[in-house]
Each structure stands twice: as structure tokens, then as C-alpha cells.
Amino acid sequence: MADDQLVEDNKAAGVVSGTNDSSKHAANGDTPTQGPSGTVDADGPASKRRKVDYEETEGESQQAQSKDRIRGCAPVKAEYLISSEAQPKIVDDDAAEASIATGDAVNGKSDPRDGDGKNGKKRKKQGGQNQNRNYGHFEDALRLCNSVTYTNEFSPKSCKFGERCNLCHDIRKYLKEGRRGDLETLDGKCPVFEKYGRCTSGWKCRFVQSHSKEVDHDDGRKELILLQNSESLEVDQDPDARPGIVNVVTSDTKWDLARRKVKFEKSEPYIKWLEKDTDLTKKFFNRKKKEGDDQADADATEELRAQFVDPPLKPSEKRKIYFGKETPVLAPLTTQGNLPFRRLCVELGAQITYSEMAMGMPLVQGQKGEWALMKCHESEAASPRFTPESGATVKGYDNSKDLKFGAQISGNQPWVAMKATEALTRFLPHLRVVDLNCGCPIDLVYQTGAGSALLDTPSKLEKIIRGMNVVSGEVPITAKLRTGVRDGKPTADRLIERLAFGGHDTRDRLGAPGCAAITLHGRSRQQRYTKSANWSYIAECAALIKTYKGKKDQLADTAMETDESTQANTADGKVYFIGNGDCYSHVDYFDHIDKSGVDTVMIARGALVKPWLFEEIEKGQYLDKSASERLGYVEKFVRYGLEAWGSDELGLGFTRRFLLEWLSFTHRYVPVGLLEHLPPSLNDRPPRYRGRNDLETLLASDNYKDWLKISEMFLGPAHPSFKFQPKHKSNSYEIEAEG
């Protein structure tokens, strides 16, 4: 059936409402609370009580579900079934944080999933036949020189290469022979020009006819001119600048970083102090005790202790931040967590967003690709929703100065993370926090000592957080952890205490590291997605954090009491604690907050499958989105992609590629109106079923050719050289996903 026919059929079908009173959940998150059962020892540890309470309540809710429900299979109503058997679980959810593949037109970097494993041996494949993922090329046949791209035909700028330039300077030739014809999708109108009154792609735009015309001059000549709203700004010299996009770092700044011309005035003196302090610490703890001469040993120890000096810099007072029940968080997601997707999620109710994980060293080296990850939409620079309960905020918190967007980085050494943090906070004006990734499990990151490798090096992790806090100015520092590296051996509880107070060898001398918030993904590095997230362990850690207020009061009596202005900027003197893993409905969201004791929940895969999850959380009920509404979100993503990456051939290619990556998750959504039982489970796979109309069936297809068909509804036919290979057909080496 033709694409336009699908849309018309769906419109005729109308919107099928699937919400009812039984599917509603109080918007404020109120849920039935568990009364005293007498099964828990009132004198037991808080963490143990929290764990038992969570497991008992969770068990009761599971028993309340229908016995007909099959584990791992979505309970689709019989009238929609084509086959009663669940489809094989061929999608690797560790690909939620996919990476750039070999031959990628973006920068040609190899896919980290194809990297060598331990001892130089390649990791075992999990299926698939493609050796790498290649997106082909999507460029014009003739490359138009920038000296004429943004100007009228008779008013070109001077080309700095002169006669040596081998690019096209003839606009008419380019329009006739050098590009594919104008698109007729989106009503044939350039979405960038329609919104901003100018198009940043100039003559390269695939909708150029909608903002250009030919004019006749008195001398009989005809000139092609670009239309531009008289109120719009002039085209910026920096090609990275786009209307509505902020945190754009200039090319000059990136060049200065690459040539080592940027002075890190905070990091460099602190790094020198840290090196000396580390050497002294080694000498202090590795000293040999002199037998039979206690006085001489005491004198030597005191002499070493006297050599310790205070750091050269003191952390600046941090901007106060807030996490609460009304601030659901969108997780940092490599590839899928791109700017257009984050913008869509913010529009649907996400209150906190993060950049894709950026590698610390490339940031310090000024690499363009890594700094591009720091761009955000102006909607992310707005303040988050703020309706806190009594006592939930901190003194001095100003919501008007808070914003949604934060950056996440990885680093394997303190000096790398510190310099990256100083660069970010110096050159990015719109930054809520800088988050340190301590959970990425991929070998490429883990084997360098970054990501989840930091879970096994608590001393180094503390040094990194402490150093980042010193150089970050007013921007708070946060961390994201996993439960541990290995199954059955969680370490997050000990790490959380260290991040809150510092190690036993440093807390009296240096105070707390200054971590303002901690996110815990309820899975180990080894576990990946073989099991559900461990929310009972998250509840344990949340209970421990609640006991830290009393512990902090005890530590406050020490001679080296920490300056409150430089530490965690949170309620009751504690760090904020965010849980992460398997949240797929507003019921999951509020249950995790109420039963686990977290301040809020970070959402990843749930948002990829249904981004309106944030809207469900805000409204406190399931939303049975019609196929036409869901297709409308696809159109919004396309429009946002063209605004972010351009409406030229290259921008269309990027938009199509990232749209297809997103569609590889959205097809897993089963409308709630088709389900026998609620709540839906993120880990359930549906049997083969038909939708309520042809468009809904198309959106449920797991055939990537149907995803291409959906993309062509808005982006027209793909470039002849464009390629797309879905993840489940490529080597499914496990990659980081954030829940």
C-alpha cells in the first residue's frame, strides 16, 4: 500500500482510546503503602529493612498479576494475534548506546564493538553476519564551494583558494547536475526556513525552491537569489552554528585546544599537587616500621605527615541543583541520545537531559566530533519543573538559574577528567552538571581504565571526582555507577559512601570529594541485560544514603570540617540519589521512587521505545497513542534533525540514519489498547500481531526495510549510496546501555 494511503487509512480509523480509570496512577505518585507486617526486625539495619520491604511489596504486586501471563512474552489480546509464540529475542539491548561503525560517513572511526577483548582475543559473537555497520555515503555529485553557497548568484564571496579551488562555483550547474532534485515531502517547504526565516544550508538545501527565486534586472540579466526574512539574523561564519542550538564551541577554540594553546589555569597546578600528594601517600602507607624503636618510628611517621600540604585551589561555591519526583531524567545514550531525540523528549516532559558520553581525551585535544556532542537545543537550557515537597530543596536553590542539560564524560586518569571538565565549564555557557561515567562496560573503554573499570579503583575514582570538583567553577559534579563489575559482588554501596565523605585516609585532611548526585544503574558490568535491574539493591543504597545525615553530623566535629559551600548542594546535607533500570511506565516510575527511596528515576530504553513515557509520568496514566500520533513524533524528529544537521544532502543522510536507529527501538512498542494485562514490561517481546490499522501494523514491523519506508515518508528516497544495517543483523558485541 502506498505511504500516503497508509496515513489516510489511519486518519479514517481515528484515535482508539485505551485509557480508563483503572490505568490511572495519581500524578503525585501516591501509591498504597505497606503497613507494619511484623516480619522485619525493627532494630535491623535501615538498608536491610528497605531491601525486605521492597522485595515483599514487589512480590505482592507480581502475585496480583494474572496467572495467564507468560514471562518474557507481551500479553497481546487474542483478536490481534497472528502467532501466539513470542518472537525470538534478537535485539541486543546493550546496543542502546551504540557506537560509530567502520566506514561511517561521520568520521570513519571503527566500531568499538569490534575491538579486541581480553588478552588480545576477540570477543565471541552473539550472532549476525555483518562484519561491521556501514552507512555508505550521502553527498552531492558536485561539491558546491562555500564562497557561493550562502550568497546570491551575482554576489559571491571571495574564494580563499582562488583558481586552485576544485569545487563548483556555478550555482546553475550545481542545481542542474550536481544534486538530486528538490523534495516534495513536508509540503515541499524547508522546515528550517519556515521556522527561522533563513536556511543554514543555502543553495545546498533539498528544499531550496521554497526559499529562492529568479529575478530580472534592468539590464536583462536573470539572477538566482536566496530569500531571507528581513528580521532574521545573518548567516553565521561558523558552519557549526544553527538557529536554536546552543553550546556551540567555535572552530578557533577547538584549534587552540588541538595546538595546546589553551592554558588550564586550574587543572595544571592541582595536577602537580596531586602527583606530589600521591607520592607522599605511597611513602606513608608503604613505610617500614622500625622494630624495637617505637619513638623513632613515631618520629618518622610524624615527619612524613608534616610533608602533606593543602591543595593549591579550593572548590568554588556550586550552583544549587534539584532532583525530585517531578523531574524524570533522560539517560545519556550514545547515538540514540542525539540532540533531536532529546529535544523531542523534553517536549514530551523530560526534565533533565544529558549529552551522549564524550571521551575526555578527545575533548582536551579539541576534536570536532566530541565537542559536537555538547550541543543542545535552547529548550534544554530552560529551567526544569519545580514543585517540591516541604524540606526537599536546599537553601539558596534558584530554579530560574537551573537548567535541564548536563554533560557526561569518561576519563581513565584524574588529569584527563580534570582538564576535560575545566574546558567544558569554560567554553559551554549552558551546563547544569558534569557527570562522570563509571558504568560503561564496553571493552574499548573498560580496558583503558575508564567507565566501569573505575568501580574497581575507588581511590582513583575519588581523586577524579575531587579534582573535577575543584576545577568546575560553579558547575556541580555528579557520577553514574553500576552495581559493580562482577555478578554477585556489588561494590556500589562502598563507593557511594566514599563519594559522599571521602576515603578514610583523606576525609579528615581534605574533606568530602563534593559529589552532588549519584546515579546507580541496577546491573553489573558482567550482567549486562541477561537479568532485570536489581532495584532491591538500589533500595539498599538509598537507605544507606538516608543514614548519612547522622554520620555527617558526627564528622562535622573534626578539626578539618569541610566548607559547606563547596560540597553537595542538596537537601539535608546529603547527595541526591537517582535509580536507573527497566522503567517503562508511570507505574514503574512512581513505584521505584516510593518503594526504593530514590529521589528520581533515570530512563533510557523505556524512552527509546516510547518517548511519551515522560508525558505518562506527568499525567499519571497510560496513554494509548494512535498510529497517527506516533507517526507525528517521527515527523517531529525529522524536522528537528534537519534543523540540527542541515537540510542539505548530508543533513538528510544524518537525519535518516539516526531516525532508523531510533525506529529499531520504537517498533518494539505494543499499544496498551492491545494488551491483556498491565503494566507492560520492557523486557517482554511481543508475539506476531496485527495492529488496529495498517499504519499501526507498519510501525510494529521489525523489518528494517519497513523502517526505510517510514523514513521515506518525510525524507524522500534514500541516496543511492546510503546503506543501513540494523544492529540485530550486525555483530552484536555487547555495548553500554543505561537502563
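Residues numbered from 1 in each chain as written. Predicted model: local features only at pLDDT ≥ 70, side-chain atom pairs only at ≥ 80, totals over all residues. Heavy atoms only, no water.

## Digging into the overall build of the protein chain
Then, number 1: In terms of helices and strands, the protein chain carries 25 helices and 15 strands.
Then, number 2: Considering the protein chain as a whole, with its 739 residues, one finds that 56% of them fall into the buried category.
Then, number 3: Pairs at least 24 residues apart make up 76% of the contacts formed inside the protein chain by residues separated by at least 6 positions. (Helix = DSSP H or I, 4+ residues; strand = E, 2+ residues; numbered from the N terminus. Buried < 20%, exposed > 50% of the residue type's maximum accessible area, 1.4 Å probe, protein only. Contact = heavy atoms within 4.5 Å.)

## Quick word on the state of the cysteines
Then, number 1: Tallied over the full model, the rule gives zero disulfides.
Then, number 2: We note that Cys190 lacks a disulfide partner, and the nearest cysteine sulfur, in Cys205, lies 3.8 Å from it.
Then, number 3: Judged by relative accessible area, which is 1%, Cys190 ranks as buried.
Then, number 4: Judged by its relative accessible area of 0%, Cys205 falls in the buried class. (Disulfide = S-S within 2.5 Å.)

## A few points about the packing of aromatic side chains
Then, number 1: The full count for this structure, using the stated rule, is 15 aromatic pairs.
Then, number 2: Arranged with centres 5.1 Å apart and planes meeting at 50°, the rings of Tyr270 and Trp273 form a pair that is tilted. Of the two residues, Tyr270 and Trp273 both sit in helix α7 (residues 267-286), three residues apart, roughly one turn of that helix.
Then, number 3: Taken together, the ring pairs connect Tyr322, Phe323, Phe386, Tyr397 and Tyr576 into an aromatic cluster.
Then, number 4: Against the face of Tyr584 rests Lys610, its NZ or CZ located 4.9 Å from the ring centre. (Phe/Tyr/Trp six-rings, centres within 6.5 Å; stacked < 30°, edge-to-face > 60°. Lys NZ or Arg CZ within 6 Å of the ring centre and 35° of its normal.)

## Here we look at empty space enclosed by the protein
Then, number 1: Scanning all chains against the criterion turns up eight cavities of 30 Å³ or more.
Then, number 2: Considering only enclosed or pocket space, the second largest cavity measures out at about 150 Å³ in volume.
Then, number 3: Around the second largest cavity, the lining is made up of 17 residues, and of these Tyr584, Arg668, Val670, Ser681 and Asp684 lie nearest the centre.
Then, number 4: A breakdown of the residues in the lining of the second largest cavity according to their chemical character gives 11 nonpolar, two polar and four charged. (1 Å grid on protein atoms, 1.4 Å probe; cavity = no way out; pocket = protein on both sides within 12 Å on 5 of 7 lines; lining within 4 Å. Points joined across faces, edges and corners; volume = space filled by probe spheres on them. Nonpolar A, V, L, I, M, F, W, Y, C, P; charged D, E, K, R; others polar.)

## Comments concerning helix α14 (residues 458-471)
Then, number 1: In this model α14 runs 20 Å from its N-terminal to its C-terminal C-alpha over 14 residues, within 8% of the 20 Å that 1.5 Å per residue would give.
Then, number 2: α14 sits mainly inside the fold: 10 of its 14 residues count as buried.
Then, number 3: Three or more residues of α14 are buried, namely Leu461, Glu462, Ile464, Ile465, Arg466, Gly467, Met468, Asn469, Val470 and Val471.
Then, number 4: Count one or two residues on from α14 and you reach Gly473, which has phi positive near 65°. (Expected span 1.5 Å × (residues − 1).)

## A short note on the packing of helix α9 (residues 339-347) against helix α22 (residues 627-645)
When two helices pack together, their arrangement is given by the angle between the helix axes and the distance between those axes.
Then, number 1: Taken N-terminus to C-terminus, the directions of α9 and α22 make an angle of 130°; their axes are 8 Å apart at the nearest point. On the basis of their axis angle, the class for α9 and α22 is oblique. Read as a crossing pair, α9 and α22 show a hand that is right-handed. Of the residues in α22, those touching α9 at Leu339, Pro340, Phe341, Arg343, Leu344 and Glu347 are Tyr633, Lys636, Phe637, Tyr640, Gly641, Glu643, Ala644 and Trp645.
Then, number 2: Here the contact of α9 with α22 is composed, by residue class, of nine nonpolar, one polar and four charged. (Axes fitted to C-alpha atoms, helices over the stretch in contact; angles between N-to-C directions. Parallel < 35°, antiparallel > 145°, perpendicular 65-115°, else oblique. Left-handed = near helix turned anticlockwise from the far one by under 90°.)

## Points about the nonpolar core
Then, number 1: By size, the foremost hydrophobic cluster in this structure holds 148 residues, and its most contacted members are Leu424, Leu481 and Phe577.
Then, number 2: Here the element with the most residues in this core is α22; it accounts for 10 residues.
Then, number 3: Those residues within four positions of Leu424 in sequence are excluded, and the remaining contacts are Leu363, Trp371, Met374, Ala407, Ile409, Leu431 and Val434. (Core = buried A, V, L, I, M, F, W, Y, C linked by side-chain atoms within 4.5 Å.)

## What to know about helix α12 (residues 414-427)
Then, number 1: With 14 residues, α12 should cover 20 Å at 1.5 Å per step; its first-to-last C-alpha distance of 20 Å lies within 8% of that length.
Then, number 2: Burial runs high along α12: 11 of the 14 residues are buried.
Then, number 3: Residues Pro414, Val416, Ala417, Met418, Lys419, Ala420, Thr421, Glu422, Ala423, Leu424 and Thr425 constitute the buried set of α12.

## Considerations on the environment of Leu675
Then, number 1: Mapping Leu675 onto the fold places it in the loop between α23 (649-666) and β15 (687-689).
Then, number 2: Along the backbone, Leu675 and Val76 are 599 residues apart, and their C-alpha atoms lie at a distance of 4.5 Å.
Then, number 3: Setting aside chain neighbours within four positions, we find Leu675 in contact with Pro75, Val76, Lys77, Val670 and Pro680.

## So, the pairing of strand β12 (residues 515-521)
Then, number 1: Extensive coverage of β12 is indicated by the burial of seven of its seven residues.
Then, number 2: Judged from the six bridges that link them, strand β11 (residues 477-482) and β12 form a sheet pairing that is parallel. Across the sheet, Ile477 pairs through a bridge with Cys515, a residue of β12.
Then, number 3: Both β12 and strand β13 (residues 576-580) contribute to a ladder of five bridges, which runs parallel. When the bridges of β13 are listed, Ile518 appears paired with Phe577. (Pairing = 2+ DSSP bridges.)

## Regarding the side chain of Ser711
Then, number 1: Tracing the sequence through the fold places Ser711 in helix α25 (residues 704-715).
Then, number 2: Contacts of Ser711, omitting those with residues within four sequence positions, involve Arg656, Leu659, Leu660 and Gly716.

## Remarks on the pattern of salt bridges
Then, number 1: Using the criterion set out here, one finds 32 salt bridges in the structure.
Then, number 2: A salt bridge links Glu696 to Arg692, with the nearest nitrogen and oxygen atoms 2.9 Å apart.
Then, number 3: Its relative accessible area of 2% is what places Glu696 among the buried residues.
Then, number 4: With a relative accessible area of 18%, Arg692 lands in the buried category.
Then, number 5: Residues joined in a network through salt bridges with shared partners are Glu462, Arg466, Arg498 and Asp505. (Salt bridge = Lys/Arg side-chain N within 4 Å of Asp/Glu carboxyl O.)

## Digging into unusual backbone geometry
Then, number 1: Cis geometry marks the peptide bond from Leu678 to Pro679; its omega dihedral reads 0°.
Then, number 2: Positive phi values are uncommon outside glycine, yet Thr335 reaches one of about 75°.

## Some points on the confidence of the model for the protein chain
Then, number 1: Looking at the protein chain, the pLDDT average stands at 81 and 74% of residues meet or exceed 70.
Then, number 2: With pLDDT under 50 throughout, residues 1-44 is counted as low confidence; its partners more than four residues away or in other chains account for 71 contacts.
Then, number 3: Low pLDDT, under 50, characterises residues 95-131; the predicted model gives this stretch 103 contacts beyond four residues in sequence or across chains. (pLDDT = per-residue confidence, 0-100.)

## Topic: the environment of Leu257
Then, number 1: Along the polypeptide, Leu257 turns up in helix α6 (residues 251-258).
Then, number 2: Considered as a pair, Leu257 and Gly366 are 109 residues apart in the sequence and their alpha carbons are 4.8 Å apart.
Then, number 3: If near-sequence neighbours (up to four positions away) are discounted, Leu257 is found in contact with Val262, Phe264, Leu363, Val364, Gln365, Gly366, Trp371 and Phe427.

## Re the packing of helix α15 (residues 492-501) against helix α17 (residues 535-546)
Then, number 1: α17 packs onto α15 with a crossing angle of 30° between their chain directions and a minimal axis gap of 10 Å. Between α15 and α17, the angle is such that the two are roughly parallel. The interaxial crossing formed by α15 with α17 has right-handed handedness. Contacts between α15 and α17 pair Ala492, Asp493 and Ile496 from the former with Tyr537, Cys541, Leu544 and Ile545 from the latter.
Then, number 2: For the contact of α15 with α17, the residue count by class is six nonpolar, no polar and one charged.

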